[in-house]
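# A closer look at the structure
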Amino acid sequence: MTPLDRLRETWRRDQIFDFMLPKPEFGKAVDTSHGPILYVEDVSVSFDGFKALNNLNLYIDDGELRCIIGPNGAGKTTMMDVITGKTRPDTGSVYFGQRIDLLKLPEHEIARGGIGRKFQKPTIFEALSVFENLELATASDKHVWYTLNHDLSAEQRDRLDEVLTLIGLTPQAHQDAGALSHGQKQWLEIGMLLVQNPRVLLVDEPVAGMTGEEVEHTARLLTSLAGRHSVIVVEHDMAFVRSIARKVTVLHQGSVLAEGSMDQVQNDPRVIEVYLGE
Ligand SMILES: Nc1ncnc2c1ncn2[C@@H]1O[C@H](COP(=O)(O)OP(=O)(O)OP(=O)(O)O)[C@@H](O)[C@H]1O
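What you see is a predicted model; the values in this text were computed from it and never measured.

### Some points on the overall build of the protein
Scanning the protein from terminus to terminus reveals 11 helices and 10 strands. Among the 278 residues that make up the protein, the fraction classed as buried is 40%. In the protein, the proportion of contacts linking residues at least 24 apart, taken out of those at least 6 apart, comes to 69%.

Here it is in structure tokens:
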């Protein structure tokens, strides 16, 4: 890639990344004194009369790792869309901690305010290095050229180094992100969310298309995040879910069908009938 291509790529304007938008101040005000960090209560969403979510109730505790499974069309993506403000429910309430009503906030404020979402397809800057991608995601001034030409504070640099170690990409820090493997790109994108210190991370099918080794690395990464972040993982790969699961929620027809340990839900006859017996 020539320097001119690199410049063009850096100035690419076909995507607005959440991290380019201003950061609202409510992140630290999230009240988790009663345990949950997310309250999804009696939420229903209809598309042309079809109920994608049907009185869904879901509570995620501060710092927990929750796996969400369920057959195609169960409402998993719609649930994430509601939490992140992409879809507004017909009825119900969604709170971030006890006080912050997510239904009153636009999507970008939810993202910048502490609820990060990792889509299946990575959206990294391929022409920039791994480090520069993280640097951009960290920055408070979102003008790309400004960010890449101004020094990080010692604290920001420490956080970046910490995240590089966490995602296992320290040796690749100065490689172009475009040259990374599929799995490494996914970890970089998780890293770009982590440098913003989200309270909640929603991760959609993180291991799709990964090699066995990459799957293992992803399992270690996601389990290491629990405690400091609340992590919600939507995944169809049952071996992977088993390897990371503490508590599992099974969605079916827009509602919670079962919830509990992996062993409990795997042995639940209703779950076997609608999902695991497929
Ligand atoms: N924008 C939309 N317009 C109409 N129907 C929709 C829309 N979005 C989702 N649906 C429908 O709502 C239902 C729930 O979809 P959703 O994508 O949430 O399920 P899912 O559990 O994520 O499925 P998958 O595992 O296949 O990703 C499906 O029947 C889907 O076709």
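### A look at the environment of Glu162
One can find Glu162 in helix α6 (residues 154-167). In sequence terms Glu162 and Lys51 are 111 residues apart; their C-alpha atoms lie 43 Å from each other.

### Some points on the site of the ligand
All residues adjacent to the ligand are Phe47, Ala52, Gly70, Asn72, Gly73, Ala74, Gly75, Lys76, Thr77 and Thr78. Of the residues forming the shell around the ligand, the biggest block, 3 residues, is contributed by helix α2 (residues 76-83). Among the residues forming the shell around the ligand, the class breakdown is 3 nonpolar, 6 polar and 1 charged.

### Let's talk about the nonpolar core
Considering soluble globular proteins, one finds that nonpolar side chains tend to be buried as a cluster. Within the largest apolar cluster, 72 residues are counted, with the highest numbers of intra-cluster contacts made by Ile83, Leu134, Leu188 and Val250. Broken down by element, this core gets its largest block of residues, 6 residues, from helix α7 (residues 182-194). Ignoring anything within four residues of it in the chain, the contact list for Leu134 reads Leu160, Val163, Leu164, Gly191, Met192 and Val195.

### Some remarks on the pairing of strand β2 (residues 50-61)
Bridge count for strand β1 (residues 36-47) against β2 is 8 bridges, and the pairing is antiparallel. The partner of Val45 across the bridge, within β2, is Leu53. In textbook terms, the turn of a hairpin is the stretch between consecutive antiparallel strands, and for β1 and β2 this stretch comprises 2 residues, one of which, Asp48, has a positive phi near 50 degrees.

### Some points on the sheet that holds strand β9 (residues 247-252)
As summarised here, the arrangement of the 6 strands in space is β6-β7-β8-β3-β9-β10, forming an open sheet in which the pairing is mixed. Strands with a single pairing partner mark the edges of an open sheet, and in this sheet they are β6 (115-118) and β10 (255-260). Within this sheet the neighbouring strands show an average axis-to-axis angle of 20 degrees, counted without direction. By the bridge criterion, 4 bridges tie β6 to strand β7 (residues 200-204) in an arrangement that is parallel. Residue pairing for β7: Lys118 is matched across the bridge by Val203.

### A closer look at the packing of helix α4 (residues 130-138) against α6
Where α4 contacts α6, the two axes come as close as 11 Å, and the packing angle between them is 125 degrees. Of the possible angle classes, the one that applies to α4 and α6 is oblique. Here the hand of the crossing between α4 and α6 comes out right-handed. Together, Phe131, Leu134, Glu135 and Thr138 of α4 and Gln156, Arg159, Leu160, Val163 and Leu164 of α6 make up the contact between the two elements.

### Quick notes on unusual backbone geometry
We note that Asp42 has phi near 50 degrees; this positive angle belongs to a residue other than glycine. Looking at Asp42, the number of C-beta atoms within 10 Å reads 13, which means it is partly exposed. Phi at Glu205 takes a positive value of approximately 40 degrees, unusual for a residue other than glycine.

What counts and how
- Residue numbers here run from 1 along each chain, matching the order of that chain's written sequence.
- This being a predicted model, a pLDDT of at least 70 is required before a residue's local features are given, and a value of 80 or more before pairs of side-chain atoms are given or counted; all residues contribute to the totals for chains, interfaces and linings.
- Runs of H or I in DSSP of at least four residues are treated as helices and runs of E of at least two as strands, each being numbered from the N terminus.
- Counting other C-beta atoms within 10 Å of a residue's own tells you its class, since 20 or more makes it buried, 12 or fewer makes it exposed, and anything in between is partly exposed; those C-beta atoms are placed from the backbone.
- Working definition of a contact: two residues with C-beta atoms, positioned from the backbone, lying within 7 Å.
- Each residue receives a C-beta atom built from its backbone; the residue is near a molecule or strand if that atom lies within 6 Å of it.
- Here the nonpolar group is Ala, Val, Leu, Ile, Met, Phe, Trp, Tyr, Cys and Pro; Asp, Glu, Lys and Arg are the charged ones; every other residue, Gly included, is treated as polar.
- Nonpolar cores are built from buried Ala, Val, Leu, Ile, Met, Phe, Trp, Tyr and Cys residues. These are joined into a set through C-beta atoms within 7 Å.
- Strand pairing follows a simple DSSP-based rule, namely that at least 2 bridges must link the two strands.
- Lines are fitted to the C-alpha atoms to define the axes, a helix being fitted only along its stretch in contact, and any angle between axes, read from their N-to-C directions, falls within 0 to 180 degrees.
- Orientation categories follow fixed angle ranges, with anything under 35 degrees roughly parallel, anything over 145 roughly antiparallel, 65 to 115 roughly perpendicular, and all other angles oblique.
- Note: crossing handedness is left-handed where the near helix turns anticlockwise from the far helix by less than a right angle, and right-handed where it turns clockwise.

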